[in-house]
Structure formats: C-alpha cells, structure tokens
Amino acid sequence: MATEQTVARVTRRRVRTRARLLDAAFTVFAAKGFGRVSIEEVCEAAGFSRGAFYSNFATLDELFFALYRERADLIAEQVADALALDGPVLDVPASVARVTEVLLLDVDWLLVKTDFLVHAARRPAVAQTLLDHRARLRGAIADRLSRAAGHTLPAALGDADGAAHAVVAAYDGVTTQLLLDRDVEAARAWLGHLLTALLTDGSTTPHES
C-alpha cells in the first residue's frame, strides 16, 4: 500500500510539473517566438531545473508540440460544446456568437499557433498535427450543419463540409488581422458578420457580444 501511495504522489507531482512547464512555455513562446527560446528560459520561467524538464520532455520541439496539442484539443472541444447547445433547428446568429467567443481566445495563443504553423509548414510529419486539429474543428462544424433541420446552406458552399472549410478559412483571415492590429473586439465583430453571411443569405444580423 505504501508503494502505491508513493507512486500516486510521484505521478501527481509529475503531472503538476508538466503543467507548470507547459504554462511557462506558453508565456515564453508568446513573448519571444519559437526558435528564439531556450530550454533554460522555459525552466527559469517555470521555476524548475533542466532535470525537471528532461524528465517530462526530450526536446524543446516535443514540449512545443505538447503545448500546441493541449490548447488545440481544448479549443476543438469548446467549439463542439458550443455548437451542441442548439436544438434541432439551427440558430445561426446564436451559434456564430458562441463559436466566435471560443475561437478568439487571445493574441498570445494566436502567436503560438502561428509559430507552430510556420514550423510545421517546413516539416510534413509535423504538419499532420496541425492538419488533424483543423480536421477536428471542421468535423464539429460540419456535423452541426448537417444535422440542422430546415436550414439551407448557400449553394456556393456546397455541402456541410464545404461550409466548414469556409468557416475555418474565415477564422484564419480575421485572426491574421488581429495579430497585426490587436483589436479583439473588432475581430470578434467582423468574424461574426462574416460567418453569418457565409452560412445564410447574409440578411440575418449576428448577435452582439
């Protein structure tokens, strides 16, 4: 029993250590950019030694990928949860308002995500992580659109999968502007209008945040 308790304490401590390293890495990567950060800087920000780092991650790349996957998985779950709140009849403005709030987390996340995009673009094997995340987002959106009773998508988008691709593309464009002007409220409003126009005939006014 004592051995099991010891193992449990070690496991909990390791989980906490890993979480602190990921949180510290998020802050440092957002401030300096991936490729300009050392393991020592992450350890210093987390308050740990290099030994603590290497007990959780083999390389800085591995930590970076773990950080991205953790945040990306959370966002995909939040989007799916937001879309699940509607009944059988799709309320486009209400769904757009909820999804917009989830997608526009903060500029720091967008900086880290953009770093990952650039990093992955030159490494096909790494790119699959990003592609998997985008596929999950599109899948959640397409599933909700395909189950919407009485809602007809604009013909130009084709089916629900095509509409989901358009939604993610719109998000990409609006958040690129957000990285430059840092105007979160303007980005949220533009994304709301754009998504509502994409998913309807454009005559429906999106809900205000």
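Conventions adopted
Sequence order as written defines the numbering, with residues in each chain counted from 1. With the structure being a predicted model, the display of local features is reserved for residues of pLDDT at least 70 and the display and counting of side-chain atom pairs for 80 or more, all residues being used for whole-chain, interface and lining totals. Each side-chain value is worked out from all heavy atoms of the structure, with water and hydrogens disregarded. Put simply, DSSP marks the helices as runs of H or I at least four residues long and the strands as runs of E at least two long, and each gets a number from the N terminus on. Between buried and exposed lies partly exposed: a residue is buried under 20% and exposed over 50% of the maximum accessible area for its type, with that area taken using a 1.4 Å probe on protein chains only. Contacts between residues were defined by any pair of non-hydrogen atoms, one from each residue, lying within 4.5 Å. Per residue, pLDDT captures the predictor's confidence, and it can take any value from 0 to 100. For a helix, the expected span equals 1.5 Å multiplied by the residue count minus one. Here the aromatic set is Phe, Tyr and Trp, taking the six-membered ring for Trp, and pairing holds for ring centres within 6.5 Å; pairs whose planes are under 30 degrees apart are stacked, those over 60 apart are edge-to-face, and all others are tilted. Counted as over-ring charges are cases with an Arg CZ or a Lys NZ within 6 Å of the ring centre that also lie within 35 degrees of the ring normal. Polar contacts here mean pairs of N or O atoms no more than 3.5 Å apart (in protein, one a potential hydrogen donor and the other a potential acceptor; neighbouring residues in sequence count only if both atoms are side-chain atoms). Axis definition: a line fitted to C-alpha atoms, over the contacting stretch in the case of helices. Angles run 0 to 180 degrees between N-to-C directions. Note on angle classes: values under 35 degrees are labelled roughly parallel, values over 145 roughly antiparallel, values of 65 to 115 roughly perpendicular, and the remainder oblique. A clockwise turn of the near helix away from the far one marks a right-handed crossing, whereas an anticlockwise turn of less than a right angle marks a left-handed crossing. Basically, the charged four are Asp, Glu, Lys and Arg, the nonpolar ten are Ala, Val, Leu, Ile, Met, Phe, Trp, Tyr, Cys and Pro, and anything else, Gly included, counts as polar.

## Description of the environment of Ala46
Here Ala46 lies in helix α2 (residues 39–46). On the accessibility criterion, Ala46 (7% relative accessible area) is buried. Among residues more than four places away in sequence, those in contact with Ala46 are Arg20, Leu21 and Ala24.

## As for the confidence of the model for the protein
In this model, the protein carries an average pLDDT of 84, and 89% of its residues clear a pLDDT of 70 or more. Considering only residues more than four positions removed or in separate chains, one finds that residues 202–209, a stretch of pLDDT under 50, has 14 contacts.

## A word on helix α7 (residues 124–146)
Counted at 1.5 Å a residue, the expected span for α7 with its 23 residues is 33 Å, and the 31 Å between its end C-alpha atoms agrees. What α7 keeps buried is the set Val126, Ala127, Thr129, Leu130, His133, Leu137, Ala140, Ile141, Ala142, Arg144 and Leu145.

## Observations concerning the packing of aromatic side chains
Here the distance between the centres and the angle between the planes together describe a pair of aromatic rings. Evaluated as defined, the whole model comprises 10 aromatic pairs. Judged by centre distance (5.6 Å) and plane angle (50°), the rings of Phe64 and Phe116 are tilted. Here the residue Phe64 occupies a position in helix α4 (residues 60–83), and Phe116 occupies one in helix α6 (residues 107–121), the gap between them amounting to 52 residues. Note on Tyr68 and Trp109: the rings are 5.6 Å apart at their centroids and 25° apart in plane angle, and the pair reads as stacked. Remark: Trp109 occurs in helix α6 and Tyr68 occurs in helix α4; sequence separation between them is 41 residues. Neither residue differs from the other here; Tyr68 and Trp109 are each classed as buried. Site record: aromatic cluster; members linked through ring pairs are Phe29, Phe34, Phe64, Phe65, Tyr68, Trp109 and Phe116. Cation over ring: Arg71 sits above Phe26, and NZ or CZ is 3.9 Å from the ring centre.

## With respect to the side chain of Asn56
Along the chain, Asn56 falls in the loop between α3 (50–54) and α4. At 3.1 Å, the side chain of Asn56 and the side chain of Ser55 are in polar contact. Setting aside its immediate chain neighbours within four residues, Asn56 contacts Arg14, Thr17, Arg18, Leu21 and Glu62.

## A look at unusual backbone geometry
Phi angles above zero are rare outside glycine, and Arg182 is one such case at about 60°. Locating Arg182 in the fold gives a position in the loop between α8 (160–181) and α9 (184–199).

## Overview of the packing of α7 against α8
Put simply, α7 and α8 touch, their axes get as near as 8 Å, and they point 130° apart. Between α7 and α8, the interaxial angle falls into the category oblique. Regarding α7 and α8, the two cross each other, and that crossing is right-handed. Listed contacts from α8 to Arg134, Arg138, Ile141, Ala142, Leu145 and Ser146 of α7 are Ala160, Asp161, Ala163, Ala164, His165, Val167, Val168 and Asp172. Looking at the contact of α7 with α8 residue by residue, the class counts come to 8 nonpolar, 2 polar and 4 charged.

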